[in-house]
Structure formats: structure tokens, C-alpha cells
Amino acid sequence: MTASIAYFSAEFGIDASIPIYSGGLGVLAGDHLKAASDLELPLSGVGILYRKGYFRQVVGEDGVQRHLYPEIDRTGQMEQVTDNEGRPLLVKVPIANRLVYLKAWRLQVGRIPLYLLDADVEANEETDRRLTDNLYAGDRHIRICQEIILGIGGVRLLHKLGVKPAVWHMNEGHSAFLTLERIREHSASGLSFHTALEAVKASTVFTTHTPVPAGHDQFDMQMMDHYLGDFYWQLGADRDTILALGRVGDSFNMTRLAMKTASVVNGVSALHEDVTKALFHHWLPYIPKQDIAVASVTNGVHIDTWLSPELKKLFSRYLSADWSGRTFEPAAWSGIRDIPSGELWERHQQAKERLLEGLLPDHEPSAKETLLIGFARRFATYKRALLIFMDLDRLDKIVNDPKRPVSFIFAGKAHPADDPGQQMIRRIVEISQMERFKGRIRFVENYDMGSAKLLVQGVDVWLNTPVKPMEASGTSGQKAALNGVLNCSVLDGWWSEGYNGRNGWAIQGAAEGSLERQAEEDSEALYRLLEEEIAPLYYRRDAHSVPLEWVNKMKESICTLAPRFNTHRMVREYSNRIYSPTEERGNRFTANGYEIAGKVAAYKRFIREQWQHVRVHSMHTHSSQGTRIGLTETFFQVHVYLGPIWEQDVRVEAVGSDGDGGIWKVKLKAVAELGKGLFRYEGTFRDQNDAMLHATANVRVFPVSSDFNNDFEMELTTWG
Ligand SMILES: *Cc1c(COP(=O)(O)O)cnc(C)c1O
């Protein structure tokens, strides 16, 4: 791969000293850049410099979360982007009938430049200068302005710098306006809207992170008109055509826009791929969810950022010299099994001591010998920080067991507008002050990348209790696993791929039912794990008081999880499976004066205009037992009217349920033209299964083209 990739994200977690991230999304973006640097991938990051970042959290004795917004200290961290003459480089973006100026900062992440846009420019009105003060400020108006700044401003900045990305990667939908700006550019150079759209789409990829509709960024149409009304026409299409790109009901949905303007969409774990398909299926109910084109690249973490210095030293002694360049190969990690258990334990204890000194300076001397369980993440309701507190008496017995005591450390921010989240923090602080939980339950304030490092390196067990399937991936558990910290988690997100029965614990309560019932069963499962497995294993020691079996589990955790759930593996996957084919596709679409883009646009227009004629007229099925025992053959014969559409431009399929949550399909062949545009299609489905299943089969017709990236690119299907 030689041409460059532009990676857009509303947040980046590069370092605790630059708080322009709120949680996993940003840390993932930061780790993506670091891995791209290690792998020498030609990538540029684009984000926003929030002058006051995400908030600094202060939590007092009363458990009330307070929000401080100290100005970020840029000194030595980043430099202002200038033009050839050394003057600050400025770009303008259209916001509500006016132009807002942006300057930019360059933050070097290894080899990778990260460009951060900043509206605090003198030429702007005072209110505009404040637009980029805070990340996720909560106000819808500021939000749409920031997304215009990121998407439109980001494209303008890169082009002004002479950066010509071959692939545009949108990390979550916040940056999706970038596709509109790129359409505008093509349009300004004379391309038609639809040809421009095809060219842009061919070179764009979209990673979605949100498993619930409520998490999608959306704006009502009046807001779109207000902020972008004088921008629409510049794209060479009318208002309705532009708004249709993101329309879901009465709103303009950024996930929908991103999905419609990218040629590859991916989720961030195998499970999340399925969840995303189901979610998109609500928008496209006539396409079975199995057929909706969503890929997945499971998230990872940047090893050099998250591995404790203690283990780094140890690994460099026991693993081969080129280990850090081969982290995605399981074989590179096999030497972990040869580390003497006492030594691995000793290093882990040192990391634990660093955590205790750093975050709990008033801890009891025995804290280092007490099983310590960490729970740190954003206090979003679905993460269920309070699950462990369902039965306080039972928890009391667990933490105060005289032979096998257990302590918990909690950390995390709730969004300033999230009252239920803040309520959870208050409750934890309240419980931590109860006599029976003093010193056993602790809350530490201001969870950030700094305290995250101490926590994922120094606790013994990493607890994760989301409502399945709300955790798209989760990455903090991957950081823990890498450090030999054992995961105890609901089988959601990455853990449903990572857990192998030996490398940690799975909280297996109720997969379905009401939230109350799930919480009851999940907490019961969690208590049992703590009582019957985790605490006993931790306190089972050898003559040198090393928990040998525990350390074996630590090794199992590192060997089986670290090679897979790291960003070297992840970015290589993006590069091989997504960036390279997208670069190729983008080039193909634009070559020879946008020949293919123009052709695809014209083809789609023709199909769309004529599709109303397509009908499935009659269907006959006939099932029979085949010659082999249990083999059923079902013969399909249908008449399909295609009107002026050529028979080669459609596919006709019989589709049915396999009775097990999946579907089967059989391609039918045109065997005769019965009249103008009317065809007879036939085909046979052979299966071992029950013939009754085939009775529910339906026939569908949809347009195809070798230039499409997937079968349902046009989102068109006619069912019989
Ligand atoms: C890694 C990390 C996260 C992401 O954690 P999840 O597992 O997705 O909850 C959030 N915040 C910080 C500070 C992190 O370092």
C-alpha cells in the first residue's frame, strides 16, 4: 500500500495529557494511529482540538460528580500548521449561512501526523470561537457545528496541505459530512452528483461502534436546513436528494449517511457485526439481516502503550528479540509459558504496588496481598456498574471473608448530562462509606488513560458486566489480558471471541428476558464465580506463597489473547482486508475521467427508474424425496416480469429459513423468455432438512453488477 489513508475521528486518546477523548472510541483511535506508525502505514489522522477537552472529574465525599474544564496545555505537544510562508494555515467551513475559520495543530504520533482543527480564530465571532471548546458538549447545535468542522473542515485542511488520501476512513459516524464535502469538490470540478457520489463511496470506509439506535447521532431536518441549507446546492443535487442520504424517519442520521456513502462498513467484533446487521435490517426490512453487508474487524490495543513496564522488561528477556515486531503471531508469545511462575507473579505484584501507591495512597499494608478486582469504564447505564451490589449481604460475606478477602476498585466518568450515570457513581461512593465496605470498595476519581494504565496493569481481576449485546467490543479487558490480569466478564463484545474456558471467566447468567431478570441471573452467576472459583484459586498458594494455578491462568490469558487483541493485528487486518481493496476500488472508479463511477451512476439511475416494473408473477414449488435417504429436493419455477431491465442485470433467488436462525438461498436460472420482458426461472434446492421448511420459501429479484461491492448495494429487492 503506497497511497495514503485519512483517518477521521471525533476523539483521539493519545495520552492522558491531551484529554480530547471520552472513552473507548478515542483510545481505539489513538491506538490505531500508533499501530499505523509502527507498521509504517501512510496514514493521517484528523480530529478536533477541544481547548478544554473532555471534563476533569472531581468526586467528593458526597459522591457528586463535579466537572472541571482546565485548558489543555499544548506546550511541546503540538505545533500550529502553517502555510509555505510560515503563516497560520486557515480553512473556512460553511455554518448556517456564514463562514467559520479554522486553524489546525499538528500532533506527531510517531510517524503519523494527527491534524486537530480549532475554531478559536480571531477572525471568528466570539460564539464561533467557542465551538471547539468541549468534546460532546451535549448541545445539539454545537454538536452539528463540530461535525461540520470535522467532516468538511477536515477534508479542506488535508487538501490545502496537499494530502490526497486514496482511502477515507470514518471512525464512527461523527465525521460522515466528509463525504458531502468530497462530493461538493467533485461537483465543483464538473462531475454530476451521482457520479461524484459513486467516486466518493468507492474510496470510503466506515467503522460503526454503536449497537443501539439511540446511540446514533441524528439531527432533525430543520437543523440540517439551518446549518447546511446553503451547502446543498453546491453538491449538484436538490435538497431532498441530499437529505435522503441520511434520512431515517424525520431525522438525518449520521450512521445512515456513513453507511450510504461508504463501500465497506464494519463492526468492531464478530458479535457486533451481527448486531449491526440486525440494526440496519430495521432500515431495510426487505433485506434479510444475513444479507446486509457488514464486515467486522475486532478491536485491539496498542501493546507498547498498555503493557506494564515490569512485564515489558520480563517479556524482552523471555521472548525472542524481534518479539515486539511480531506481536500478531501467536508463536511470538509462546515463550510466556517458559517464564518461571514466581518471576511473573513478582512482576505482577510490582505493578499492583504501583497501582496502590498511585491511586490508593492510604491503602492498608495488606492490600497487596488481597485479591483486587477492578471495574473502570464510562458510567453508561448499560455497563451496569452496580451489578455487583445487587445483594449487599452476599457481597459483604465475599469481601470480608477472613481467609479470602476481596477488594474492589471502581473508576469512571459519567457524561455531564447523564443523570442516571452520575447517580451510579453516588451510589458506589455511598456504599464505599458503609462500615462493612470501608477499604473493600473504593472509588477513584477522574478515570483517564493515566489511571487506566495503573488499573489494567495492577489489579488481579478485570470485571465487566455490560448488558449483552450492548458492548460493541470493549478494549479495557484486552489491556488487562495482556498484563496477565484475568478477565471476568459477560460474554459480550470481544470477550465472546476471546474466552476459551481457561483464560479467564465468563459470567453466564441470562441471555434474554427483562433487564431485571438478566441483572438477577448475571449477578448470581458473578457471585458464584467469586465465591467458588476466583477467590479460592487466588488464595491457593505454593510453599513460596505463589498462586501457581492462578499464574498459569495469567500465562494462558497472555498467550491466547495478546496475539489476537492488539492493534498490530487489527491495523494489518484493516490494511489487507479493507484499505487495500478500497484503494484499488477507488482508483478503478476514478480512472479515465471517472469512467466507472459514471457508468455505475448511470446504471443505478436506469435500474432505479425502471424497477417499478419488476414483478414476480407466479411461483410453483414441488418437493420430493430424493434417491438418498432423507434428502429432499424442492423444485422452483417462477415467472418474473422485468420490463425494460435486462435479464443479466438481476438475480432471482428462492430464499427460505433454515429453521435455525439462518437462511438458505438458491439461484434460479432464466430458462425461457415467455414474452417481452417476461421470463421463466427455475432451480432446485437440495437439502437434508425437513421439507416443511421449504414450504415457507419466497422468491426475490434484485439488481446486480460486477461493479457493486455487495449484492444489496442498491438496497432494492422485489419479493414474490
Ligand atoms: C481503554 C479505555 C476505555 C475503553 O474501555 P471499555 O472496555 O471500552 O469500557 C475507556 N476509557 C479509558 C480511559 C481507557 O483507557
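Thresholds, definitions, all that
- Residues numbered from 1 in each chain as written.
- Predicted model: local features only at pLDDT ≥ 70, side-chain atom pairs only at ≥ 80, totals over all residues.
- Heavy atoms only, no water.
- UniProt positions renumbered as here; feature names shortened; annotations may be inferred.
- Helix = DSSP H or I, 4+ residues; strand = E, 2+ residues; numbered from the N terminus.
- Domains from an automatic or database assignment.
- 1 Å grid on protein atoms, 1.4 Å probe; cavity = no way out; pocket = protein on both sides within 12 Å on 5 of 7 lines; lining within 4 Å.
- Points joined across faces, edges and corners; volume = space filled by probe spheres on them.
- Nonpolar A, V, L, I, M, F, W, Y, C, P; charged D, E, K, R; others polar.
- Axes fitted to C-alpha atoms, helices over the stretch in contact; angles between N-to-C directions.
- Left-handed = near helix turned anticlockwise from the far one by under 90°.
- Contact = heavy atoms within 4.5 Å.
- Near = heavy atom within 4 Å.
- Polar contact = N/O pair within 3.5 Å; in protein donor to acceptor, adjacent residues only side chain to side chain.
- Areas by Shrake-Rupley, 256 points an atom, 1.4 Å probe, with all protein chains shown as cover.

For the chain, the name recorded in an unreviewed UniProt entry is Alpha-glucan phosphorylase, with Paenibacillus darwinianus as its organism. Under the Sequence similarities (unreviewed entry) heading, UniProt states for the chain: "Belongs to the glycogen phosphorylase family."

1. With respect to the environment of serine 545
Tracing the backbone through its elements, the reader meets serine 545 in the loop between α18 (515–538) and α19 (548–561). Through-space distance from the C-alpha of serine 545 to that of glycine 342 is 9.1 Å; in sequence the pair is 203 residues apart.

2. Observations regarding the domain arrangement of the chain
Split by domain assignment, the chain resolves into domain 1 (5–299 + 571–595), domain 2 (304–564) and domain 3 (614–719). Just the C-alpha atoms count here: the centres of domain 2 and domain 3 sit 51 Å apart.

3. Regarding the layout of surface pockets
There is about 970 Å³ of room inside the second largest pocket. Lining the second largest pocket are 42 residues; nearest its centre among them are Lys201, Lys260, Lys604, Glu713 and Glu715. Elements represented by at least two residues in the lining of the second largest pocket include exactly α5 (193–202), α7 (239–244), β12 (247–248), α8 (254–260), β14 (264–267), α9 (270–283) and α20 (567–610). For the lining of the second largest pocket, the leading source of residues is α20, giving 9 residues. Of the residues contributing to the lining of the second largest pocket, the split by class is 24 nonpolar, 6 polar and 12 charged. When we break the lining of the second largest pocket down by domain, the ones giving at least three residues each are domain 1 (5–299 + 571–595) and domain 3 (614–719).

4. What about the packing of α5 against α20?
α20 packs onto α5 with a crossing angle of 145° between their chain directions and a minimal axis gap of 8 Å. Crossing of α5 against α20: the hand is right-handed. Between α5 and α20, the contacting residues are His194, Thr195, Glu198, Ala199, Lys201 and Ala202 on the first element and Thr582, Arg585, Gly586, Phe589, Thr590, Tyr594, Ala597, Gly598, Val600, Ala601, Lys604 and Arg605 on the second. The class makeup of the residues in the contact of α5 with α20 is 7 nonpolar, 6 polar and 5 charged.

5. Some words on the site of the ligand
For the ligand, the set of nearby residues contains 14 residues, the closest of which are Trp306, Lys383, Thr475, Ser476 and Lys479. A distance of 2.8 Å separates an oxygen atom of the ligand from a polar atom in the side chain of lysine 383. At a separation of 2.6 Å, an oxygen atom of the ligand approaches a polar side-chain atom of serine 476. For the ligand, whose unbound accessible area comes to 390 Å², protein coverage reaches 95%. When residues of the shell around the ligand are traced back to their parent elements, those giving at least two are α1 (24–38), α15 (449–458) and α16 (476–482).

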